[in-house]
Amino acid sequence: MSPVLGRGRKTPAVEPTLAAPAPAPARPLRIGLTARLLHKPPAEMGFRNKVLQYLEQSIAHWIMGHGALALMVPTLGYDTEVSRRRVSVQNYVEALDGLVMQGGADVSPTTYGQEPLKPEWTGDPARDRYEMELLDGFLLQGKPVLGICRGLQLINVVFGGTLYQDIETQVPEARAHVDPIVYDQLTHRVRIEPGSRMAGIYPGLETATVNSIHHQAIDRLGADLVVEAVSAEDGLTEAIRARASNFVAGVQWHPEFHAQDPSLLSGEPLLRDFLNAAYRRVAA
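Everything numeric in this text was worked out from a predicted model, so none of it was measured.

*Asks:* An account of the overall build of the protein is requested, with residue identities and associated values reported.
*Replies:* Counting its secondary structure elements, the protein contains 8 helices and 13 strands. Counting only residues that meet the buried cut, the protein has 50% of its 284 residues in that class. When contacts within the protein are restricted to residue pairs at least 6 apart in sequence, those whose partners lie at least 24 apart make up 71%. Of the roughly 13,300 Å² of accessible surface on the protein, a fraction of 53% belongs to carbon and sulfur atoms.

*Asks:* Please give an account of the packing of aromatic side chains that cites residues and values.
*Replies:* Scanning all chains against the criterion turns up 2 aromatic pairs. With centroids separated by 6.4 Å and ring planes inclined at 50°, the aromatic side chains of Tyr 183 and Phe 257 adopt a geometry described as tilted. Here Tyr 183, found in the loop between helix H6 (167-170) and strand S8 (187-192), pairs with Phe 257, found in the loop between strand S13 (248-251) and helix H8 (268-283); they are 74 residues apart in sequence, far enough to count as distant. According to the relative accessible area criterion, Tyr 183 is partly exposed, its value standing at 40%.

*Asks:* Help me get a handle on the pattern of salt bridges, residues and values and all.
*Replies:* This structure, assessed with the given rule, holds 8 salt bridges. Between Glu 233 and Arg 175 there is a salt bridge whose closest N-O contact spans 3.0 Å. Highlighted residues: Glu 233 in the loop between strand S11 (225-231) and strand S12 (237-242) and Arg 175 in the loop between H6 and S8, separated in sequence by 58 residues. A relative accessible area of 19% means that Arg 175 is categorised as buried. A salt bridge links Asp 273 to Arg 241; the nearest nitrogen and oxygen atoms lie 4.0 Å apart. Taken together, the positions of Asp 273 in helix H8 and Arg 241 in strand S12 put the pair 32 residues apart, joining distant regions of the chain. Relative accessible area serves as the criterion here: at 7%, Asp 273 is assigned to the buried category. Salt bridges here are not isolated pairs; linked through shared partners, they connect Arg 127, Asp 128, Glu 131 and Arg 150.

*Asks:* Let's hear about helix H5 (residues 150-158): which residues, and what values?
*Replies:* For H5, the tally of buried residues reaches 9 of 9 residues, placing the bulk of the element in the interior. Within H5, the full set of buried residues consists of Arg 150, Gly 151, Leu 152, Gln 153, Leu 154, Ile 155, Asn 156, Val 157 and Val 158. Of the residues flanking the end of H5, it is Gly 160, one or two places downstream, whose phi is positive at about 95°.

*Asks:* Pulling in residues and values, what's your account of the environment of Gln 165?
*Replies:* Structurally, the position occupied by Gln 165 is in the loop between strand S7 (163-164) and H6. In sequence terms Gln 165 and Asp 106 are 59 residues apart; their C-alpha atoms lie 8.5 Å from each other. When sequence neighbours within four positions are dropped, the list of residues in contact with Gln 165 reads Pro 109, Tyr 112, Gln 114, Glu 115, Pro 116, Leu 117, Trp 121, Gln 170, His 215 and Gln 216. For Gln 165, the side chain forms a polar contact with the main-chain oxygen of Glu 115, separated by 3.0 Å.

*Asks:* If you had to explain the pairing of strand S6 (residues 145-148) to someone new, which residues and values would you point to?
*Replies:* Here S6 shows two buried faces, one formed by Val 145 and Gly 147 and the other by Leu 146 and Ile 148. In the classification by handedness, the crossover that spans strand S5 (residues 98-101), the intervening helix H4 (residues 125-141) and the parallel S6 is right-handed. Direction of pairing for S6 relative to S13: parallel, over a ladder of 4 bridges. Bridge pairing in S13 links Val 145 to Val 248.

*Asks:* Go over the sheet that holds S8, please, and point to the residues and values.
*Replies:* On the basis of which strands lie adjacent, the open sheet formed by 9 strands has the order S4-S1-S5-S6-S13-S12-S11-S8-S9 and mixed pairing. Each edge of the open sheet carries a strand with a single partner, namely strand S4 (69-73) and strand S9 (207-211). Going from strand to strand, the sheet's axes swing by 25° on average, the running direction of each strand aside. Alignment of S5 against S6, held across 3 bridges, turns out to be parallel. Within S6, the position partnered with Leu 99 by the bridge is Val 145. Of the strands in this sheet, strand S1 (30-34), S4, S5, S6 and S13 are in contact with H4, which crosses S5 at around 150°.

*Asks:* Outline unusual backbone geometry, listing residues and values.
*Replies:* Most peptide bonds take the trans configuration, and most residues that are not glycine carry a negative phi. For Tyr 183, which is not glycine, the phi torsion reads 55° and is therefore positive. Despite not being glycine, Asp 224 shows a phi value in the positive range, around 65°. Turning to its location among the elements, Asp 224 is positioned in the loop between strand S10 (217-218) and S11. Judged by its relative accessible area of 33%, Asp 224 falls in the partly exposed class.

*Asks:* Break down the packing of H4 against H5 for me, citing the residues and quoting the values.
*Replies:* Between H4 and H5, the least distance of the axes is 11 Å, while the angle of their chain directions is 70°. With respect to H5, the axis of H4 lies roughly perpendicular. Crossing angle aside, the handedness with which H4 passes H5 is right-handed. Facing H4, whose interface residues are Arg 127, Asp 128, Glu 131, Met 132, Leu 135, Asp 136 and Leu 139, H5 presents Arg 150, Leu 154, Ile 155 and Val 158.

Cut-offs applied
- Residues numbered from 1 in each chain as written.
- Predicted model: local features only at pLDDT ≥ 70, side-chain atom pairs only at ≥ 80, totals over all residues.
- Heavy atoms only, no water.
- Helix = DSSP H or I, 4+ residues; strand = E, 2+ residues; numbered from the N terminus.
- Buried < 20%, exposed > 50% of the residue type's maximum accessible area, 1.4 Å probe, protein only.
- Contact = heavy atoms within 4.5 Å.
- Areas by Shrake-Rupley, 256 points an atom, 1.4 Å probe, with all protein chains shown as cover.
- Phe/Tyr/Trp six-rings, centres within 6.5 Å; stacked < 30°, edge-to-face > 60°.
- Salt bridge = Lys/Arg side-chain N within 4 Å of Asp/Glu carboxyl O.
- Polar contact = N/O pair within 3.5 Å; in protein donor to acceptor, adjacent residues only side chain to side chain.
- Right-handed = clockwise from strand over helix to strand, strands pointing away.
- Pairing = 2+ DSSP bridges.
- Axes fitted to C-alpha atoms, helices over the stretch in contact; angles between N-to-C directions.
- Parallel < 35°, antiparallel > 145°, perpendicular 65-115°, else oblique.
- Left-handed = near helix turned anticlockwise from the far one by under 90°.

This is the structure we're talking about:
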């Protein structure tokens with residue numbers, strides 16, 4: 001359970017209707033991107049025994065394409081306290097206007113109280129701790145958060161939910177949600193829940209096609225979360241949102257990869273809604 005939720009703290013409640021776009025602030029928005037971690041880089045990269053932190057180019061360009069600054073947030077270290085003597089997570093939370101949690105390694109089952117069913121599903125507990133601490137900070141400040149793929153899954157865990165460690169194993173009747181050969185060319189239909197905020201973002205759209213690059217998925221939904229879209233073929237959760245928040249939402253697909261394919265659901269309305277929430281928070 002998240003430390004924030006465990007203390008009974010919640011993000012400020014807002015009306016469920018879509019708010020009018022806020023005027024742009026005098027400076028560009030500063031949007032934090034959580035880092036992907038590479039604990040054992042391939043030898044040919046030349047970083048022997050080093051840990052790399054990185055982001056995928058498309059997600060940064062997606063954000064910058066709307067005039068906001070994309071700033072990767074590094075971990076502050078759990079094996080040493082040296083960096084934490086001068087810089088805290090709170091420093092980053094105060095400096096940033098919103099947070100985007102990008103995809104990547106599995107969420108560790110130990111993070112939601114389970115043991116891995118297979119060694120390859122151990123996930124990345126170090127990244128879990130880092131992102132959960134950041135997420136808690138943004139929740140406390142009421143600043144907007146958008147989770148992409150793994151980001152959606154971690155939001156669900158922070159709110160007390162659990163995950164299927166492997167869809168094929170635990171939900172054998174489900175369609176394939178990942179294919180390592182075709183990667184982001186694997187697609188399926190999602191059904192947008194009527195009356196949801198996502199339905200307001202995409203007016204008149206009941207179903208849409210998205211990419212699918214995940215072998216884990218939401219099992220038990222976290223407290224105070226609502227489902228905004230599901231897989232049309234098997235009902236697995238594809239989008240969530242916190243009931244009482246300025247903006248805390250997640251999608252299972254990668255909208256930053258959709259720009260080059262007009263047959264896929266545009267990520268622009270979703271990103272504009274997130275950035276408008278950040279504009280309103282800055283203006284307030």
